[in-house]
Amino acid sequence: MSYVFPPPATVSVPVVGRAERFPVHRIYCVGRNYVEHAQEMGFTGREPPFFFLKPADGLVVVDAGQTGTARYPSLTSNYHHEIELVAAIGTGGRNIKAADALSHVFGYAVGLDMTRRDLQNEMKKQGRPWCIGKAFDHSAPIGPITPAAEAGDVANAEIWLQVNGTDRQRSNVSKLIWNIAETIEHLSAAWELQPGDLIYTGTPEGVAAVVPGDTLAGGVTGLTPLTVKIVAA
Ligand code: MN
């Protein structure tokens, strides 16, 4: 096989305790999946789950103990953090039932759904796609994936984000409106999930803006924490 230019490398994420890496297929994200975040965005938090995607090459993959760098994106003056639990799919499928869904999960990681909030809000107002607000370069920092068997009770884990050492977001995964299994049921009714898919499961309340020079440190109890510094373009 030859190509007209070299094909891009496979995007992959390290796996805790394993030499093999997790090759990424797609990145799905759940919108407004914690009640108090839905409320801070002006909604009740009682709607069915909805989804958007980010490109796999929008990941910023950060190794354990390292500080990743994410470039401050163009066209925005309101660049927001959203700390999220990420579920990594190991076995694909269509129409997966919630009762079986967790057997499709390879593991879990800590991620940031970085958002150009001003552009997202403008697109919402105009009824246009969110892509420019959500699916840009460096929009998806992620830490190493912990295999599910070693991740502890992620469904009841604390989730938090500090910016420059000060708490911005602190909640618990148990407060998800649609839990991980229910999210997989809904998602797999709309798309055939594949090994390598990542699901950013939503963010709790406390989203706010960051600027170049800020250091974001987030975690979920039982998983490898994630640290990212925002750098000027
Ligand atoms: Mn989000």
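Residues numbered from 1 in each chain as written. Predicted model: local features only at pLDDT ≥ 70, side-chain atom pairs only at ≥ 80, totals over all residues. Heavy atoms only, no water.

Novice: Could you clarify how one ought to interpret the coordination of the manganese ion in this entry?
Specialist: Tetrahedral coordination by four donors sets the ideal angle at the metal to 109.5 degrees; octahedral coordination by six donors sets it to 90 or 180 degrees. Donor atoms from the polypeptide that bind the manganese ion are Glu82 (OE), Glu84 (OE) and Asp113 (OD), placed at 2.0 to 2.1 Å. Mapped onto the sequence, the residues coordinating the manganese ion show the spacing E-x1-E-x28-D. Note that Glu84 is positioned in strand 8 (residues 83-89) and Asp113 in the loop between strand 9 (105-112) and strand 10 (115-116), a separation of 29 residues in sequence. Residues Glu84 and Asp113 agree in their burial class; the two are buried. (Donors = N, O, S within 2.8 Å, 3.2 Å for Na, K, Ca; no water. Helix = DSSP H or I, 4+ residues; strand = E, 2+ residues; numbered from the N terminus. Buried < 20%, exposed > 50% of the residue type's maximum accessible area, 1.4 Å probe, protein only.)

Novice: Honestly, empty space enclosed by the protein in this entry has me stumped. Any pointers?
Specialist: Space left empty within the atom packing is revealed by a probe, the size of a water molecule, rolled over the atoms. Enumeration over the complete set of coordinates arrives at 1 cavity of 30 Å³ or more. Roughly 100 Å³ of internal volume is contained in the largest cavity. Taken together, 18 residues make up the lining of the largest cavity; nearest its centre are Gly31, Arg32, His37, Glu82 and Lys134. In terms of residues, the lining of the largest cavity owes the most to one element, helix 3 (residues 117-126), which gives 3 residues. Its residues placed into classes, the lining of the largest cavity shows 5 nonpolar, 6 polar and 7 charged. (1 Å grid on protein atoms, 1.4 Å probe; cavity = no way out; pocket = protein on both sides within 12 Å on 5 of 7 lines; lining within 4 Å. Points joined across faces, edges and corners; volume = space filled by probe spheres on them. Nonpolar A, V, L, I, M, F, W, Y, C, P; charged D, E, K, R; others polar.)

Novice: So what exactly am I meant to see when it comes to the nonpolar core here?
Specialist: In summary, soluble globular proteins display a tendency toward joint burial of nonpolar side chains. If you look at the biggest cluster of nonpolar residues, it comprises 42 residues, and the most contacted ones within it are Tyr108 and Ile184. Mapped by element, the contributors of at least two residues to this core are strand 3 (27-30), strand 8, strand 9, strand 13 (158-163), helix 5 (180-190), strand 16 (215-220) and strand 17 (226-231). Setting aside anything within four residues of it in sequence, one finds Tyr108 in contact with Leu85, Val86, Ala87, Leu102, Pro144, Ile145, Thr146, Ala148, Ala151, Val154, Ile180 and Leu223. Counting 18 residues, the second-largest nonpolar core is a separate cluster that includes Phe52, Ala109, Ala140 and Ile145. (Core = buried A, V, L, I, M, F, W, Y, C linked by side-chain atoms within 4.5 Å. Contact = heavy atoms within 4.5 Å.)

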